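Observations on the model geometry
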Amino acid sequence: MNGVKLAFTDVTPLRPGRMTFVGFDNFLYLFEDPQFWEVVSNTLWIVGLSTALATAIGYALAVLLDSGIRWAGFFRGMIFQVWVVPWIVIAILWGWLFSQDYGLVNYLLVQAGIIEAPVKWMFDQNASQWAIISGYAWRAIPFIMVICLAALQGIPSELVESAEIDGASFLQRQRYVILPLMQNIILVAALLQAVRFFQEMTMIFVLTQGGPVNATMVLSLYTYKTAFEDWDFGLASAVGTIWLVLLMGFALLYVKVALRRELE
C-alpha cells in the first residue's frame, strides 16, 4: 500500500524530506508517454509469446513422455533439471549461446544454411526479442511439462482406449478427448508462468539492459530504472501500481479458472 501512496507524490531521494502530493500527474504523464506504451507492448509481447511457446512445448513433451518411450524417467529428470536453474545462470548461458562471435545458435544456423552471416542477436531489435523469448520459454517448459504429465496420467485409460477403438486418430483423441479434460490445468499452469514472467528482469538486465532502442524494455526493468537510475520514486511507484493492476487481472483470471475447474 505504501507504494501505491507514493504513486500520487513526487517523492525522490534527491530531495530528502520534501514530498508533495501531485494527484494523478504521474499516471497522466505515463499515459501520454509513448515510451511507456512501448514498454507495455514489449512486456505483453514477450510474456505472451514466451508463455504460449512454453505451454505448447511443455504439453508436447508431456504427451511424448506419457506415451511410454524408452528411458522416459531419465528424460523427465533431465528436463526437470532446467526448472531449478537460477535465472542468472540462464542469462549467462544465453549470452554464450547467442554470442555473435562464438555462439552455438549462429553456428548451427549458418551450418544449416538458414542464415549466411552471424546474427547480432543482442544488437538487433527483433532478434533480441526472440533471444529473450526463447530464454523465458526454455525456463518455463519443465514446470508446464510436469503439470501436464501429472494430469495426463490421471486421465482414465478407458476413455482413450474407447476413442481409439472407435477409429479416432492420435490428433482426434488429443482434440476431442484429452485436451477438453486438460484445458483448465493447462490454462492455470500457463497463467502462473505468465505472472512469473511479468516479474522477471534478470535475463534482460544482464543481456540487453532493455535495448537495443528499448526493444526488450519490460515493465519490471522500466520500474527499476525509473526508481534507481532516474531516482523518481513517485513515477516508479505509478508504474508499479499499473503493473500491479495487470497482475491482479491475471490473478483474477487464475482464480476464475481454478474455481471453474473445482466446480466441474
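Here is what the cut-offs are and how they apply
Residues numbered from 1 in each chain as written. Predicted model: local features only at pLDDT ≥ 70, side-chain atom pairs only at ≥ 80, totals over all residues. Heavy atoms only, no water. Helix = DSSP H or I, 4+ residues; strand = E, 2+ residues; numbered from the N terminus. Buried < 20%, exposed > 50% of the residue type's maximum accessible area, 1.4 Å probe, protein only. Contact = heavy atoms within 4.5 Å. Areas by Shrake-Rupley, 256 points an atom, 1.4 Å probe, with all protein chains shown as cover. Lys, Arg positive; Asp, Glu negative; His and termini not counted. Charge placed at Lys NZ, Arg CZ, Asp CG, Glu CD. Expected span 1.5 Å × (residues − 1). Bend = angle between axes of the 7 residues up to and from the residue. Polar contact = N/O pair within 3.5 Å; in protein donor to acceptor, adjacent residues only side chain to side chain. Axes fitted to C-alpha atoms, helices over the stretch in contact; angles between N-to-C directions. Parallel < 35°, antiparallel > 145°, perpendicular 65-115°, else oblique. Left-handed = near helix turned anticlockwise from the far one by under 90°. Nonpolar A, V, L, I, M, F, W, Y, C, P; charged D, E, K, R; others polar. Core = buried A, V, L, I, M, F, W, Y, C linked by side-chain atoms within 4.5 Å. Phe/Tyr/Trp six-rings, centres within 6.5 Å; stacked < 30°, edge-to-face > 60°. Lys NZ or Arg CZ within 6 Å of the ring centre and 35° of its normal.

Right, let's get into the overall build of the chain. Across its full length, the chain holds 12 helices and zero strands. N-terminal to C-terminal, the α/β element order of the chain is α-α-α-α-α-α-α-α-α-α-α-α. The dimensions of the chain, computed from C-alpha atoms along their principal axes, are 75 × 55 × 30 Å. Within the span of the chain, comprising 264 residues, buried residues form 42% of the whole. In the chain, once contacts between residues fewer than 6 apart in sequence are set aside, the share between residues at least 24 apart is 68%. For the chain, the computed accessible surface area is about 14800 Å², with 65% contributed by carbon and sulfur atoms. Separation between the mean location of the 14 positive side-chain charges and that of the 19 negative ones in the chain comes to 5 Å.

Another point: helix α7 (residues 125-153). Counted at 1.5 Å a residue, the expected span for α7 with its 29 residues is 42 Å, and the 42 Å between its end C-alpha atoms agrees. Of all bends in α7, the biggest is about 35°, found at A140, and the proline P142 comes one to four residues later. The residue sitting at the N-terminus of α7 and contributing the capping side-chain oxygen is D124; that oxygen lies 3.2 Å from the backbone nitrogen of N126.

A few words now on the packing of helix α5 (residues 87-97) against α7. Across the interface, α5 lies against α7 with an axial gap of 11 Å and an inter-helix angle of 135°. On the basis of their axis angle, the class for α5 and α7 is oblique. Crossing of α5 against α7: the hand is right-handed. Residues W87, I90, L93 and W94 of α5 form the contact with α7, whose own contacting residues are A131, S134, G135, Y136, W138 and R139. Along the lines of polarity and charge, the residues of the contact of α5 with α7 split into seven nonpolar, two polar and one charged.

Attention now moves to the nonpolar core. Among the nonpolar cores identified, the biggest contains 62 residues, and L30, F36, Y59, Y136, L152, M182 and M203 are the most heavily contacted of them. Going through the elements one at a time, α2 (25-31), α3 (34-66), α5, α7, α9 (170-199), α10 (202-207), α11 (219-228) and α12 (233-263) are the ones with two or more residues in this core. Looking at this core element by element, the count peaks at 15 residues for α7. If sequence neighbours within four positions are ignored, L152 has contacts with Y59, A62, V63, D66, I178 and M182.

Below, the discussion takes up the packing of aromatic side chains. All chains considered together, the criterion is met by 17 aromatic pairs. Taken together, a centroid distance of 5.3 Å and an interplanar angle of 50° make the contact between F8 and F27 tilted. Linking F8 in the loop between α1 (2-6) and α2 with F27 in helix α2, this pair joins segments that are 19 residues apart in sequence. Ring plane angle 50° and centroid distance 6.3 Å describe the contact between F36 and Y222, whose orientation is recorded as tilted. Residue F36 is located in helix α3, and its partner Y222 is located in helix α11; the two are separated by 186 residues in the primary sequence. For F36, a relative accessible area of 1% gives the class buried. Each member of the aromatic cluster is reached from another via a ring pair, and the members are F205, Y224, F228, W231 and F233. One cation-aromatic arrangement involves R139 over W87; the distance from NZ or CZ to the ring centre is 5.6 Å.

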